[in-house]
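Spelled out, the chains give:
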Amino acid sequence: MSTTKLSNTDLCQLFREFIAAEYVISDAETMRPYECDGLAMYCEMPIAVLLPETVEQLQQVLQICHRYSIPVVARGAGTGLCAGAMPDAAGVVLSLAKFDQIIAIDPQSRIAVLQPGVRNLAISEAALEHGLYYAPDPSSQIACTIGGNVAENSGGVHCLKYGLTVHNVLSVEMLTVAGELLCLGSDGLDSCGFDLLALINGSEGLLGIITQIKVKLLPIPERAQVVMAAFDSIQQAGDSVGAIIAAGMIPAGLEMMDSHAISAAEDFAQAGYPRDATALLLCEVDGTHEEVQENIERVESIFQNLGATSVKTSQSEAERALLWKGRKSAFPAIGRISPDYYCMDGTIPRGQLAYVLNKMQEMSQHYGLRVANVFHAGDGNLHPLILFDANIPGEFAKVEEFGGKILELCVEVGGCITGEHGVGAEKMRQMPVQFSALELLQFAAIKTAFDPGGTLNPGKGIPTLRWCQEYRSIELQKVANHG
């Protein structure tokens with residue numbers, strides 16, 4: 001590494017030697033769209049935004065930044081919700097938007113080879129002619145990229161049966177902080193050595209820059225139907241979620257929405273949701289015709305026996321798609337009933353659903369802030385939307401505090417501070433709630449092994465090694481004092 005300090009102008013000039021000038025963006029007006037990701041309350045302006053087109057250009061960028069200790073923040077579509085792609089004021093944003101090619105679809109091996117900028121939905125669209133699709137389907141799948149999905153280990157409404165991104169990725173090619181190319185994973189069912197591929201899934205751009213991804217494709221099921229059930233109480237809906245899993249069924253998707261989310265989604269999508277329901281469940285069953293018919297009847301019976309006020313089953317592909325349209329448009333739909341909202345992301349055991357939702361309602365009253373709940377009930381991944389007005393002084397600070405309490409509640413009942421959005425800058429304060437000082441030290445040591453200078457997406461995901469050591473000392477001192 002060089003001790004020479006480069007001016008911003010000189011640094012950009014270095015990049016323009018191998019990247020077309022129009023793709024080295026350094027004026028404030030053009031950089032403005034890159035100042036944040038989907039969590040717009042967290043924003044920062046970088047030195048420059050770079051849009052390289054080749055792996056060789058990516059390597060040169062990383063080599064220069066490594067030499068001069070310049071922070072690098074990789075960015076896909078910017079749909080993330082944890083400020084994971086927020087720029088560093090002393091660094092550059094490395095956009096992978098131009099890496100948007102589907103390199104190959106192999107129907108025999110059921111594999112897709114992709115550049116990181118390929119949209120999630122585009123994978124299934126390309127595989128459709130072969131009767132295949134890519135299972136993980138975040139609500140933002142029309143825009144989010146597969147590289148970002150790997151970085152955040154994204155899920156979606158069908159992750160209950162088909163897994164998160166980590167369960168559907170076979171291998172990645174990535175560049176180290178110094179620009180060296182690595183390949184992790186293989187086309188086989190297993191690889192020798194440490195499972196570094198699993199480590200990269202959910203690594204939030206902290207360990208390397210992904211340049212190519214191989215994912216598994218699945219056959220499109222013969223049949224899929226959705227059962228929609230309305231309930232008068234959260235408790236009944238929560239009990240129904242547990243009953244379906246206890247009955248030995250693994251639905252393709254099992255989603256819950258509360259009254260705020262139901263009304264907003266229905267206004268937006270007109271999906272036929274019952275507006276008078278306190279809670280709504282969407283349960284999708286897929287498989288062979290015989291399998292689906294049998295399980296649909298079992299699901300309907302469970303819902304009716306546990307007090308559903310109405311049960312409706314989709315009778316066509318168009319009707320199934322419409323029911324899911326309402327769920328997937330719930331986030332933007334909430335924007336119609338509130339000037340702003342803060343989307344949280346935590347995971348809890350399924351058996352704690354009713355307890356946690358009721359506790360959140362108590363918190364909502366305490367903070368004087370409405371909460372709309374729409375989430376992956378089957379795997380306990382909550383997405384509370386805290387409604388607020390950013391124009392009211394001090395309102396967002398109150399929202400952040402409320403959100404932090406929700407995450408602490410998730411940990412309290414045996415859950416986790418994130419399910420698929422990642423930690424980013426948003427949840428750094430909750431990392432010591434989830435993990436001990438010694439565990440944080442191990443995370444920081446892994447980060448240091450990949451990125452000794454700490455220049456890849458600094459300030460995100462994992463507290464620094466120095467912070468962890470100081471926190472560990474404080475913990476040990478507390479133990480000694482209570483001796």
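Each value, and the rule that gives it
- Numbering of residues starts from 1 in every chain and runs along the sequence as written.
- Totals for whole chains, interfaces and linings use every residue, but because this is a predicted model, local features are given only for residues with pLDDT of at least 70 and side-chain atom pairs only at 80 or more, for both listing and counting.
- The side-chain numbers reported here are obtained from all heavy atoms of the structure, hydrogens and water having been left aside.
- The classification of residues rests on relative accessible area computed with a 1.4 Å probe and restricted to protein chains. Under 20% of the type maximum is buried, over 50% is exposed, and intermediate values are partly exposed.
- In this description a helix means any DSSP run of H or I spanning at least four residues, a strand means any run of E spanning at least two, and both kinds are numbered starting from the N terminus.
- By definition, two strands form a pair when at least two bridges between them are found by DSSP.
- Angles shown run from 0 to 180 degrees and are taken between the N-to-C directions of axes, each axis being a line fitted to C-alpha atoms and, for helices, limited to the stretch in contact.
- Residue contacts follow a heavy-atom distance rule, with two residues in contact if any of their heavy atoms lie within 4.5 Å.
- Buried Ala, Val, Leu, Ile, Met, Phe, Trp, Tyr and Cys residues form a nonpolar core when they are joined through side-chain atoms within 4.5 Å.
- A pairing counts as a salt bridge when a side-chain nitrogen of Lys or Arg comes within 4 Å of a carboxyl oxygen of Asp or Glu.

Caption draft 1: How the structure looks around the pairing of strand β14 (residues 279-287). Among the nine residues that make up β14, nine are buried, leaving the element largely enclosed by the rest of the structure. Every second residue of β14 is oriented toward a common face, with A279, L281, C283, V285 and G287 on one face and L280, L282, E284 and D286 on the other, all of them buried. Where strand β13 (residues 253-258) lies against β14, six bridges are found, and the strand directions are antiparallel. Bridging across to β14, L254 finds its partner in C283.

Caption draft 2: Structural context of the sheet that holds strand β20 (residues 384-388). Pairing in this open sheet of seven strands is antiparallel, and the strands run β15-β12-β14-β13-β18-β20-β16 from one edge to the other. Of all strands in the sheet, those bounded by a partner on one side alone are β15 (310-313) and β16 (340-343). Recorded for the sheet is a direction-independent mean angle of 20 degrees between the axes of neighbouring strands. As paired strands, β13 and strand β18 (residues 371-375) are joined by two bridges and run antiparallel to one another. From the neighbouring strand, M257 faces β18, where its bridge partner is V374. Running at roughly 20 degrees to β14, helix α8 (residues 234-246) makes contact with β12 (223-231), β13 and β14 of the sheet. Docked against the sheet, helix α13 (residues 353-367) engages β13, β18 and β20, running at close to 155 degrees with respect to β18.

Caption draft 3: Layout of the nonpolar core. Counting residues in hydrophobic clusters, the biggest one holds 62 residues, and the most contacted among them are M256, F303, Y342 and I386. In terms of residue count, helix α14 (residues 395-412) provides more of this core than any other element does, eight residues in total. Beyond its immediate chain neighbours, meaning those up to four positions away, F303 contacts V227, A229, F231, S240, I244, L281, C283, A308 and V311.

Caption draft 4: Local environment of the pattern of salt bridges. As enumerated under the stated definition, the model contains 16 salt bridges in all. The closest approach of N and O atoms between D137 and K328, which form a salt bridge, is 3.2 Å. One end of the pair, D137, is in the loop between β7 (132-133) and α5 (146-152); the other, K328, is in helix α11 (residues 317-328), and 191 residues separate them in sequence. Judged by relative accessible area, D137 falls into the buried class, the value being 5%. For E319, the salt bridge goes to K312, with nearest N and O atoms at 3.4 Å. Overlapping salt bridges, with partners in common, bring together E284, E317 and R320 in one network.

Caption draft 5: The arrangement of the environment of L181 in detail. By secondary structure assignment, the location of L181 is in strand β9 (residues 181-185). Measuring from C-alpha to C-alpha, the distance between L181 and Q59 comes to 8.5 Å, with 122 residues separating the pair along the chain. When near neighbours in sequence (up to four residues on either side) are disregarded, L181 contacts Q59, E173, M174, L175 and T211.

Caption draft 6: Region of the structure containing the sheet that holds strand β4 (residues 92-95). Strand order in the open sheet formed by four strands is β1-β2-β4-β3, and the pairing between neighbours is mixed. The open sheet terminates on both sides in strands that have one partner only, identified here as β1 (24-25) and β3 (72-75). The strands touched by helix α3 (residues 55-67) within the sheet are β2 (48-50), β3 and β4, with β4 carrying the most contacts at an inclination of about 165 degrees.

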